[in-house]
Amino acid sequence: MAEKVYDVASIGSGPAGYTAAIRGGEYGLKVALIESAPVLGGTCLHVGCIPTKALLFNAEIWDHLKHAAEYGIAGIGTPQLDWAAVQKRKDAIVTKHTKGLEFLMKKNKVTVISGYGKLTGPATDGIHTVELTSTAGEVSQIKAKNIILATGSYARILFEQQPDDRILTNIEILALNEPPKSLIVIGAGAVGVEFGSIFRSFGTEITIVEFLPRAVPVEDEEISKELTRLFKKRGIDVNVGCKVERIEKTEAGVKVAWTTANGKTQEKEAEKVLVAVGRGPHTAHVGIEKTKIELERGFVKVNEAQETAEPGIYAIGDIVAGLPQLAHVGAMSGIVAVSKIAGRPFRPVRRDRIPGCTYSDPQIGSAGLTEAQAREKGYEVKLGKFPFAGNSKATIVDSHDGFVKIVSDAKYGEILGVHIIGPQATELIAEAVAVMELEGTVDELMFTIHAHPTLSEAMLDAYAAVEGMAINA
Ligand SMILES: Cc1cc2nc3c(=O)[nH]c(=O)nc-3n(C[C@H](O)[C@H](O)[C@H](O)COP(=O)(O)OP(=O)(O)OC[C@H]3O[C@@H](n4cnc5c(N)ncnc54)[C@H](O)[C@@H]3O)c2cc1C
């Protein structure tokens, strides 16, 4: 019998790989999805987006309960945190969606193959061969006309220390038996900030230590400032411009030493430390050296269709050079790659059309250029800013901090960037991305009706604020 040849084989089943596989199935392609872990879904579903957002929901409810009497809810007494139940709920959400993925693979006739996939070199007569090693160590081959590399990323660690029950990455911290009394978070990017926020809500003493001069350094400077202010208000100790020199275990926990921006050495002891200093690409040990694929500091270089320099091999998700490591970016890059393979139309992933979300309290949602980036690019910039303090729905939901900031081009009124910090910022940003995709202008948006009372009215007021004409502030 002739050996089966797939139209496309994806190595890795995170949001990038599984999305590519589903869309491939929808296009009628013969798709194989290769995964070395025992479950589908990758970092995002098992130790990333989904479990963290589940915990953030618990944290939000817990914080609301602290104000129960104020909200007119009597008779609660002293709320007790049942951490085992919190973990159980989080795990149930992950399991539900893992099963959902299995169902979607069947529905779209995707063949799921368990094992570790490795490239073997260029195609022969247009057919690629992937070497597959099963968990039992048996080696076999899979043939496909196109390969999509979607192997994802791992948490970088410091000083080559192995994570354990005190020195944590995103994996260990999600499986704690109880919230720690104190936690030092190294890194104030989205991952560090979200875990700091979660555990602060549950009473942990949080110290954040960031190397760069500001928290959430990829965001607009005003957003960084506001987050730091609000975190300090929540009792979170935020230290920026600090270089961590040492992490050592002590009798009671772990001690971290760092050099401050003005050259002083500082030390702090805590029960645990979370290392959240970025994620490296899984591009070693996948046979890249046998191909023409080009790397940039370990990340794969691709063109607008996600094609690598090796014909018939694509790269998507966290391993791609020059794209932010976000699940939705991975998913869209997968759709682009598989559309190209299927000969269907597609629009390339644009760096300036990506929503960046941090789901802490306060939330951050942003898209497009920051004020500084717009100025660097030579735009004559016109800004609009509207505080949630002027929004009636923000009062209703008792969340008045933060603002919406619009960065627009003075010449044509085009919206270049939107930066939101405050209630539901991660939901509100969707409008901004759609607006930018359609090249919306301030004039058009000032006349776009937003329902009342909603948080989205803060967007309308912020657009109008560009012309100095916000209604509610
Ligand atoms: C704590 C945390 C929270 C996050 N929260 C968010 C969020 O809220 N929103 C957001 O957009 N992003 C978030 N992210 C980022 C998001 O998780 C990643 O961007 C996303 O998972 C990347 O998807 P991917 O498919 O490229 O890789 P991954 O999800 O890492 O999946 C790669 C898969 O490939 C498999 N694999 C690797 N090598 C092989 C091989 N050789 N053979 C077979 N299988 C292989 C792995 O086992 C894995 O299952 C978060 C990340 C972390 C760590």
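Residues numbered from 1 in each chain as written. Predicted model: local features only at pLDDT ≥ 70, side-chain atom pairs only at ≥ 80, totals over all residues. Heavy atoms only, no water.

### As for the sheet that holds strand E14 (residues 265-270)
Defined as follows: At least two bridges found by DSSP between two strands are what make those strands a pair. Strands here are runs of E lasting at least two residues and helices are runs of H or I lasting at least four, both read from the DSSP assignment and numbered beginning at the N terminus. Axes here refer to lines fitted to C-alpha atoms; in helices the fit is confined to the stretch in contact. Angles between the N-to-C directions go from 0 to 180 degrees.
Pairing is antiparallel in the open sheet, where 3 strands are placed in the order E12-E13-E14. This sheet does not close on itself; its edge strands, each paired only once, are strand E12 (243-249) and E14. Taken pair by pair, the neighbouring strands of this sheet meet at an average axis angle of 20°, ignoring direction. Pairing analysis gives 6 bridges linking E12 to strand E13 (residues 254-259), with the strands arranged antiparallel.

### Focus: helix H4 (residues 83-107)
Because each turn of an α-helix spans 3.6 residues, side chains separated by three or four positions in sequence point in the same direction. Quick note on the threshold: To estimate how far a helix should reach, multiply one less than its number of residues by 1.5 Å. Three exposure classes are used, based on accessible area relative to the maximum for each residue type with a 1.4 Å probe and protein chains only: buried under 20%, partly exposed in between, and exposed over 50%.
Taking 1.5 Å per residue as the helical rise, H4 with its 25 residues ought to reach 36 Å, and the 36 Å between its terminal C-alpha atoms agrees with that figure. The complete set of buried residues in H4 reads Trp83, Val86, Gln87, Lys90, Val94, Thr98, Leu101 and Met105. After H4 finishes, the residue lysine 109 shows a positive phi value of roughly 55°.

### Considering the site of the ligand
As a reminder of what qualifies: We define proximity as follows: a residue is near a molecule or strand when any one of its heavy atoms falls within 4 Å of that partner. Within 3.5 Å is the distance limit for a polar contact, defined as a pair of N or O atoms, with the added protein rule that one can donate a hydrogen and the other accept it, and that residues adjacent in sequence qualify only through two side-chain atoms. Note on areas: Shrake-Rupley with a 1.4 Å probe; residue coverage comes only from the protein chains shown. Gly is put with the polar residues, along with every residue not named as nonpolar or charged; the nonpolar set is Ala, Val, Leu, Ile, Met, Phe, Trp, Tyr, Cys and Pro, and the charged set is Asp, Glu, Lys and Arg.
Residues in close proximity to the ligand total 37 residues, the closest being Glu35, Thr43, Lys53, Asp318 and Ala327. Here an oxygen atom of the ligand sits 3.4 Å away from a polar atom, N or O, in the main chain of proline 15. Within the backbone of serine 36, one N or O atom sits 3.1 Å away from a nitrogen atom of the ligand. In the complex, 93% of the free accessible area of the ligand, which totals 1,000 Å², lies under the protein chains. Of all the secondary structure elements, the ones that give two or more residues to the shell around the ligand are helix H1 (15-26), strand E2 (31-35), helix H2 (42-47), helix H3 (49-65), strand E4 (116-119), helix H6 (190-201) and helix H8 (327-342). Sorting elements by how many residues they give to the shell around the ligand places H2 first, with 4 residues. Residues that form the shell around the ligand fall into these classes: 16 nonpolar, 17 polar and 4 charged.

### So, the nonpolar core
The tendency in soluble globular proteins is for nonpolar side chains to be buried side by side. This is how the line gets drawn: Throughout, nonpolar core names a set of buried Ala, Val, Leu, Ile, Met, Phe, Trp, Tyr and Cys residues whose side chains join them through atoms within 4.5 Å. Whether two residues are in contact is decided by their heavy atoms: any pair within 4.5 Å suffices.
Ile173, Leu183, Phe199, Leu227 and Leu274 are the most contacted members of the largest nonpolar core, which has 32 residues in total. For this core, the elements supplying multiple residues, two or more each, are H3, H4, strand E9 (182-186), H6, strand E10 (205-209) and helix H7 (221-233). For leucine 274, the residues in contact, after removing those within four places along its chain, are Leu168, Thr169, Asn170, Ile173, Leu183, Ile184, Val185, Ile186, Gly192 and Phe195. Residues Cys357, Phe388, Leu428 and Met436 belong to the second largest nonpolar core, which totals 27 residues.

### What to know about the pairing of strand E21 (residues 363-368)
Counting buried positions along E21 yields 5 of 6 residues, so the element is predominantly enclosed. Note: strand E20 (residues 356-358) against E21, 3 bridges, orientation antiparallel. By the bridge assignment for E21, glycine 356 is matched with serine 366. With antiparallel pairing between neighbouring strands as the criterion, E20 and E21 make up a hairpin whose turn holds 4 residues. In the sheet, E21 pairs with strand E24 (residues 415-422) via 6 bridges, with the strands oriented antiparallel. Across the sheet, the residue bridging to glutamine 363 is glycine 422, located in E24.

### Notes on unusual backbone geometry
Between aspartate 361 and proline 362 the backbone carries a cis peptide bond, its omega angle lying at 5°. Going from histidine 452 to proline 453, the amide bond is cis rather than trans, its omega being -5°. Mapped onto the elements of the fold, proline 453 is located in the loop between helix H12 (442-446) and helix H13 (457-466). In this structure, histidine 285 is a non-glycine residue whose phi angle is positive, near 60°. By secondary structure assignment, the location of histidine 285 is in the loop between strand E16 (279-281) and strand E17 (295-296). Given the relative accessible area of 60%, histidine 285 is considered exposed. At glutamine 306, a residue that is not glycine, the phi angle is positive and equals roughly 70°. Following the sequence through the fold, glutamine 306 ends up in the loop between strand E18 (299-300) and strand E19 (313-315). Given the relative accessible area of 3%, glutamine 306 is considered buried.

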